[in-house]
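One letter stands for each residue in the lines below.
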Amino acid sequence: MKTLVQPWQILCRSILETLMREIVLDTETTGLDPFDNPRHRIVEIGAVELWNQVPTGQTYHQYINPERDMPQEAFDVHGLGDEFLSDKPVFKLIAQEFRDFVGDAKMVIHNASFDMRFLNAELEWAGLPTLPSEQAIDTLLIARKRFPGSPASLDALCRRFGIDNSMREKHGALLDSEILAEVYLELTGGKQPDFALAPTERRQKQSATDETWRPRPRPTPLPSKVTEEERVAHAEFIEELGEAAIWARFA
């Protein structure tokens, strides 16, 4: 027996197909190359979920024990030291959870080749499938194409778009991914987070303004556009209708 597809099912499928899930992602590491000897490892992953370029509020954040010492130059960048990371899980223990969070969504990354190289090295060492390069959207390349010759660092793009990054004293994966989400929306002309997720105080203030607003009376009434001939003709028409005509009440 053939199952008929209901119109509502077609509509729901069509709506879902127009929506796009994206993961804005950033990592912090112990160094610049995962294949150095000793290996450099990921120590933090932060990610923000977007649906149709609107933040959903869902995030992923994990500190990771790199199973090695932290070089001073890396510590100076992100401030994550050996003692802090010593009781955090190793990547292999969180690998599947991270993979499940990302799924097949596009990953928005600033300088994607760097993060993807580390992520795929870690996934491979954990015995899990790697992430295809075409799954990544590189905001660094987008910025360089849109603003050729101009600085394209995350801080530079924040200054260009007027995005507040004053809390970014050191690199942090989750904070950087949240900032990058705003930069990405500016770069692509997408929906702004405040459009759908305005702070409660701002929404209440706007609502109060809308409820109390009233149109002001016009200081000088607009002149009538009815000509004298039209006024006389209308009066004669009402007279013909008789005293019971409803129009006589407004004469």
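Look up: the structure comes first, before these words.
Just so it is clear, the structure is predicted and the values come from calculations on it, not from any experiment.

Caption draft 1: Quick peek at the packing of aromatic side chains. For the coordinates displayed, the defined rule picks out six aromatic pairs. An angle of 75° between the planes, with centres 5.9 Å apart, marks the rings of Phe 35 and Trp 125 as edge-to-face. Note that Phe 35 is positioned in the loop between strand 1 (21-29) and strand 2 (42-51) and Trp 125 in helix 5 (residues 112-125), a separation of 90 residues in sequence. In this structure Trp 125 comes out as partly exposed when scored by relative accessible area, which is 25%. Ring plane angle 55° and centroid distance 5.8 Å describe the contact between Tyr 60 and Phe 98, whose orientation is recorded as tilted. With Tyr 60 in strand 3 (residues 54-63) and Phe 98 in helix 4 (residues 91-102), this pair connects stretches of sequence that are 38 residues apart. A relative accessible area of 1% places Phe 98 in the buried class. In this structure an aromatic cluster arises from ring pairing among Tyr 60, Phe 98 and Phe 101. Geometry around Trp 125 places Arg 39 over its ring, the cationic atom sitting 4.0 Å from the centre.

Caption draft 2: The nonpolar core, seen in detail. Judged by nonpolar contacts, the single largest core of 25 residues is most densely connected at Leu 25, Ile 45, Phe 91, Phe 98 and Leu 131. For this core, the secondary structure elements donating two or more residues are strand 1, strand 2, helix 4, strand 4 (106-109) and helix 5. A per-element tally of this core places helix 4 first, with six residues. Apart from residues no more than four positions distant in its own chain, Ile 45 is found in contact with Leu 25, Asp 26, Thr 27, Tyr 60, His 61, Gln 62, Ile 64, Phe 91, Phe 98, Leu 119 and Ala 173. Counting 21 residues, the second-largest nonpolar core is a separate cluster that includes Val 48, Val 108, Ala 152 and Val 183.

Procedures and definitions
- Residues numbered from 1 in each chain as written.
- Predicted model: local features only at pLDDT ≥ 70, side-chain atom pairs only at ≥ 80, totals over all residues.
- Heavy atoms only, no water.
- Phe/Tyr/Trp six-rings, centres within 6.5 Å; stacked < 30°, edge-to-face > 60°.
- Helix = DSSP H or I, 4+ residues; strand = E, 2+ residues; numbered from the N terminus.
- Buried < 20%, exposed > 50% of the residue type's maximum accessible area, 1.4 Å probe, protein only.
- Lys NZ or Arg CZ within 6 Å of the ring centre and 35° of its normal.
- Core = buried A, V, L, I, M, F, W, Y, C linked by side-chain atoms within 4.5 Å.
- Contact = heavy atoms within 4.5 Å.

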